[in-house]
Amino acid sequence: MYRGRIWLYFSNIFHQLLLVFVLLVMVAYLSSASPFFFTWNNFRNIFDHSSLYIILALGITFVIAAGGIDLSVGAVAALSGVCMAVAMHSGLSVGLSILSGICSGAFMGMAGGTVIFLFKINPFIVTLGFMSLSRGLALIVTGGIPIYGFPKSFTWWGSGHIGPFNPPMLLAAFLIVVAAVMLNFTRFGYYTLALGGNEEALRRSGVSIFLYKVLVYTLCGVTAAIGGLIVTARLNTAEPLAGWMLELDTIAAVVLGGTSMKGGRGTIVGTVIACFLLGILRNGLVILSIPSYYQQLLIGIIILAAVIFAEVRARKGLLGFNKK
Amino acid sequence: MKKKKQRVAVFLLLSIAVFAAACSPSPAPAPVEEGKNNLVSADAAQEQKGAKEAGPAYAMNPKAYAMEQALMDQLMPLPDLHKGERIGALIITLANPFWVAMKEGYERAGAEMGVEVVVMAAPTEGDTKSQLETLDAMVAKGYAAIIASPIEPFNLVPGVVRANKRGIKVINLGPPINKEALKDARGWLDGRITVNFEEQGALAAEYIVQKLGPAGGKVAIIQGIPGAGQSEGRTAGAKGVFENTKNVEIVSIQPGNWDRNTAYNLASNILQAHPDLKGIFCANDVMALGVVEALQAANKKNDVVVAGVDFIDEARESIQRGELDGTVAMSPFLLFPRSGATSRW
């Protein structure tokens, strides 16, 4: 058992080292290709843009590690942004409005987790339903027209300044630490991984599957809502269509980072590195003025290559890193 | 029956008149150019404020309303109406403020004219299949006429053919339905009023060029979803103008997917690569507003001219605040619901 865990640890580390290596190669190439890439301002942009993906991806890491999936995060982000906007425009204080938005996200996650547990339906379908449901609610509440114009104390969450950083980056950094501690050093994290590894064994050892499953999806709803806060505050607008396709970008990042789609294995550090990798890629493609049609193609190729490599390595023990 | 045909003929004439007006070169730049895409910029904001106070209690942009009135006057006299008929209108999506305004326009026009207008839409801007299915459902319900605005030139073709077979008049409004494809499928349109997307892009680009002055500078274009008709048309129009202007250089053309946050990220990335950027054209207002936020966050708003297309309400307010520089309004678009509803039957 102990030996097995050491191998798992090495295997994870190896994947992350590989990602870091790819990341460094990309940074080196982009730095030599454009004088504007390797500057603090540009990295600030990358951190700023990546923070949204990172926050959403943290929640999804837990869900995927627990053997599930959540397709609703983009729509839930939009819905909670809309909730905050409506609350603010109805005269609620900024703090309470943010809280109401986050509660709406938590509620959607909780409802999703409950349905998945109670009816034993594939989370893919359930969260697909919740995606449509949240998007529909956001559209109904706004009537299809974005709500805009918020107090300064709210927009600060998206475009304020704290020294050289801004609130989204610091929020992301804080949540990374919280998530890493939760996944690696708490009972909740341990049970999350166990849920993905062997749910039946966990159930037989007397752990409430219901509680932990719902908690995992609730957590994901909360991170989606925090993402909604950032998008809404940054753009000073709550859009019913905000976060369109965001779920796919973030799921791609989580899997790229080394979290197993089969569950039982998750890594916060890998997720964060993968988010930066994709963030730098998007930034670099614009900096290099790559024509738009090729960008989609390139991002697709890179994700496929990375995932295929990870899978082949895990199965065949490539480079000597085999679990057995 | 004969009378009916006559009215259709009248309508066709009217729609040609609108279309012709849209194509003819304008003699001189006037504040309101009937039947043309109209550029609305910060310079005109003052005038607009006045119009808002004086104008009728109308939810749409007051300036757009003035354009619409001017165009309606050209179309007079309108044919007689059969009260109480049901007309279907298929628009693109109610998830876009522009089309929400369009729906309101349709319904208001229907109420004014005494006909029932039922407005349907696809769930999202890219859901071509659902839009066709919605059209099929509308055909089955047997409206007197259907006014259709397709997501792309080909997606509604089979539905239009089915409507033809059932004797339902189909009018194509806004984005064009491909006529060759329709002909191949043995279908036809009973009327068409369309918009010149290239001209919209060109107008906005001309405004940016004019703002930059003889010194010119670097400019960028943020497209919508690559491949979508509006996006490609507006991009081509703007590109043409930028390329034909001395000293103006296009440094980047990026897809913003009609998404505000994507446009925000793109703008800050483009600025990073080209700190001396002078102008950004966005294929719609939603993205232009995202760009404005990004420029403000980077303290660059005063250095970069931003123009969009659509003239949504939020854009109007942004122009009044002196943030967004300009946008292209489509006067015929806001009129269409009325002409469509009035000219039938």
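Residue numbering note: each chain is counted from 1, following its sequence as written. Labels are handed out in written order, letters beginning with A for the chains and numbers beginning with 1 for the ligands. Residue-level local features of this predicted model are given only where pLDDT is at least 70; pairs of side-chain atoms are given and counted only at 80 or more, and the full residue set underlies all totals for whole chains, interfaces and linings.

> Teacher, can you tell me more about the overall build of chain B here?
On a plain count of helices and strands, chain B comes out with 13 helices and eleven strands. Residues with at least 20 other C-beta atoms within 10 Å of their own are called buried, those with 12 or fewer are called exposed, and the rest are partly exposed. The C-beta atoms themselves are positioned from the backbone. Split into buried and exposed, the 345 residues of chain B put 54% on the buried side. For chain B, restricting intrachain contacts to residue pairs at least 6 apart in sequence, the fraction spanning at least 24 positions comes to 73%. Put simply, DSSP marks the helices as runs of H or I at least four residues long and the strands as runs of E at least two long, and each gets a number from the N terminus on. By the convention adopted here, residues are in contact when the distance between their C-beta atoms, placed from the backbone, does not exceed 7 Å.

> Just checking my understanding: could you explain the overall build of chain A for this structure?
The secondary structure content of chain A amounts to 13 helices and two strands. What you see for chain A is a C-alpha radius of gyration of 20 Å, in line with the 20 Å of a compact globule of 324 residues. Taken along its principal axes, the extent of the C-alpha atoms in chain A is 60 × 55 × 35 Å. In chain A, 79% of the contacts between residues at least 6 apart in sequence involve partners at least 24 apart. Here the globule rule reads 2.2 Å times residues to the power 0.38, and the radius of gyration is calculated from C-alpha atoms.

> Quick question: what am I supposed to make of helix H7 (residues 167–185) of chain A here?
For an α-helix, the turn length of 3.6 residues means that residues three or four places apart are oriented alike. By this rule, a helix spans an expected 1.5 Å times one less than how many residues it contains. With 19 residues, H7(A) should cover 27 Å at 1.5 Å per step; its first-to-last C-alpha distance of 26 Å lies within 8% of that length. Where H7(A) is buried, its residues touch helix H2 (40–65), helix H6 (152–159), helix H8 (187–197), helix H10 (209–235) and helix H12 (268–287) of chain A.

> I'm lost on the interface of chain B and chain A in this one. Help?
Taken together, the contact between chain B and chain A spans 27 residues of the former and 29 residues of the latter. For the side of chain B that touches chain A, the secondary structure elements donating two or more residues are helix H4 (97–113), strand E8 (248–255), helix H10 (260–273) and helix H11 (285–297) of chain B. A total of ten residues in the side of chain B that touches chain A trace back to one element, the largest contributor, which is H10(B). Throughout this entry, Asp, Glu, Lys and Arg are counted as charged residues, while Ala, Val, Leu, Ile, Met, Phe, Trp, Tyr, Cys and Pro are counted as nonpolar. The remaining residues, Gly among them, count as polar. Its residues assigned to classes, the side of chain B that touches chain A comprises 13 nonpolar, ten polar and four charged.

> Explanation requested: the pairing of strand E7 (residues 217–223) of chain B in the structure shown.
In the case of a regular strand, side chains alternate between the two sheet surfaces. Residue and element names in this part refer to chain B. Across the seven residues of E7, seven count as buried, placing the element largely inside the fold. In short, DSSP must find at least two bridges between two strands for them to pair. As paired strands, E7 and E8 are joined by seven bridges and run parallel to one another. The residue of E8 that forms the bridge with Gly217 is Val248. Considered for its hand, the β-α-β crossover made up of E7, helix H9 (residues 229–243) and E8 is right-handed. Look down the strands so they point away from you; if the path from the first strand over the helix to the second goes clockwise, the crossover is right-handed.

> Hey, could you run me through H12(A) in this one?
Residue and element names in this part refer to chain A. End to end, H12 covers 28 Å across 20 residues, agreeing with the expected 28 Å (1.5 Å per residue, within 8%). Within H12, 18 of the 20 residues are buried, which leaves the element mostly enclosed by the surrounding structure. One or two residues past the end of H12 sits Ser289, with phi positive at roughly 55°.

> I would appreciate a short explanation of the sheet that holds strand E6 (residues 191–194) of chain B in the present structure.
The strands making up a sheet associate through backbone hydrogen bonding, with each pair oriented either parallel or antiparallel. All names here are of chain B. Pairing within the open sheet is parallel, and its five strands lie in the order E3-E2-E4-E5-E6. Edge positions in the open sheet fall to strand E3 (116–122) and E6, since each of these has one partner strand only. Taken over all neighbouring pairs, the strand axes of this sheet differ in orientation by 15° on average, direction set aside. As paired elements, strand E4 (residues 145–148) and strand E5 (residues 169–174) share four bridges and run parallel to each other. Within E5, the residue paired with Ala148 across the bridge is Asn172. Against the sheet, H4 contacts strand E2 (86–93) and E3, and its axis sits at roughly 165° relative to E3. For helices, the fitted line uses only the C-alpha atoms of the stretch in contact; every axis is such a line through C-alpha atoms, and the angle between N-to-C directions lies from 0 to 180 degrees.

> What exactly am I supposed to notice about the packing of H2(A) against H10(B) here?
In a pair of packed helices, the angle between the axes and the distance between the axes together describe the arrangement. Two numbers describe how H2(A) lies on H10(B): the axes approach to 10 Å, and their chain directions differ by 165°. If you check the angle between H2(A) and H10(B), you find them roughly antiparallel. For the crossing formed where H2(A) meets H10(B), the hand is left-handed. Each of Asn41(A), Asn42(A), Asn45(A) and His49(A) in H2(A) lies in contact with H10(B), whose residues at this interface are Asn265(B), Ser268(B), Asn269(B) and Gln272(B). For the contact of H2(A) with H10(B), the per-class residue count stands at no nonpolar, eight polar and no charged. Here the angle decides the label: under 35 degrees means roughly parallel, over 145 means roughly antiparallel, 65 to 115 means roughly perpendicular, and every other value means oblique. Crossing handedness is defined as follows: a turn of the near helix away from the far one that is anticlockwise and smaller than a right angle gives a left-handed crossing, while the clockwise case is right-handed.

> Before we go on, may I ask you to explain the pairing of E2(B) in this structure?
Residue and element names in this part refer to chain B. With seven of eight residues buried, E2 is to be regarded as a mostly interior element. Bridge analysis of E2 against E3 gives seven bridges, and the strand direction is parallel. Within E3, the position partnered with Ala89 by the bridge is Val119. Assessed by its sense of winding, the connection that carries the chain from E2 through H4 to E3 is right-handed. Relative to E4, E2 runs parallel, the two being bridged by four bridges. Within E4, the position partnered with Ile87 by the bridge is Ala145.

> Sorry if this is basic, but what is going on with the nonpolar core here?
In a soluble, globular protein the nonpolar side chains are often hidden away together inside. In this usage, the nonpolar core is the set of buried Ala, Val, Leu, Ile, Met, Phe, Trp, Tyr and Cys residues whose C-beta atoms join them within 7 Å. Ranked by internal contacts, the top residues of the largest apolar core, which has 188 residues, are Val291(B) and Val306(B). In terms of residue count, the dominant contributor to this core is H10(A) (15 residues). In this entry, domain limits derive from an automatic or database-based domain assignment. Mapped onto the domain boundaries, this core takes at least three residues apiece from domain 1 (2–35 + 60–194 + 334–342) and domain 2 (197–310) of chain B. Residues within four places of Val291(B) in sequence aside, it is in contact with Ile222(B), Ala263(B), Tyr264(B), Ala267(B), Ile280(B), Cys282(B) and Val306(B).

> Help me out: how do you make sense of the domain arrangement of chain B in this one?
Interfaces are often sized by the amount of accessible area the parts lose when they come together. All names here are of chain B. By domain assignment, chain B separates into domain 1 (2–35 + 60–194 + 334–342) and domain 2 (197–310). With six residues of domain 1 at the interface, the matching set in domain 2 holds six residues. Among the residues forming the side of domain 1 that touches domain 2, the class breakdown is three nonpolar, one polar and two charged.

> Sorry if this is basic, but what is going on with unusual backbone geometry here?
All names here are of chain A. We note that Lys120 has phi near 50°; this positive angle belongs to a residue other than glycine. Its place among the elements puts Lys120 in the loop between helix H4 (94–119) and helix H5 (123–142). Positive phi, normally seen in glycine, also occurs at Asn236, with a value near 55°. For Asn236, the location among the structural elements is in the loop between H10 and strand E2 (237–238).

> Help me understand the environment of Leu202(A), please; the structure alone is not making it clear to me.
In this fold, Leu202(A) is placed in helix H9 (residues 199–204). Discounting residues that sit within four places of it in the chain, Leu202(A) has contacts with Tyr191(A), Ala194(A), Leu195(A), Val207(A) and Ile209(A).

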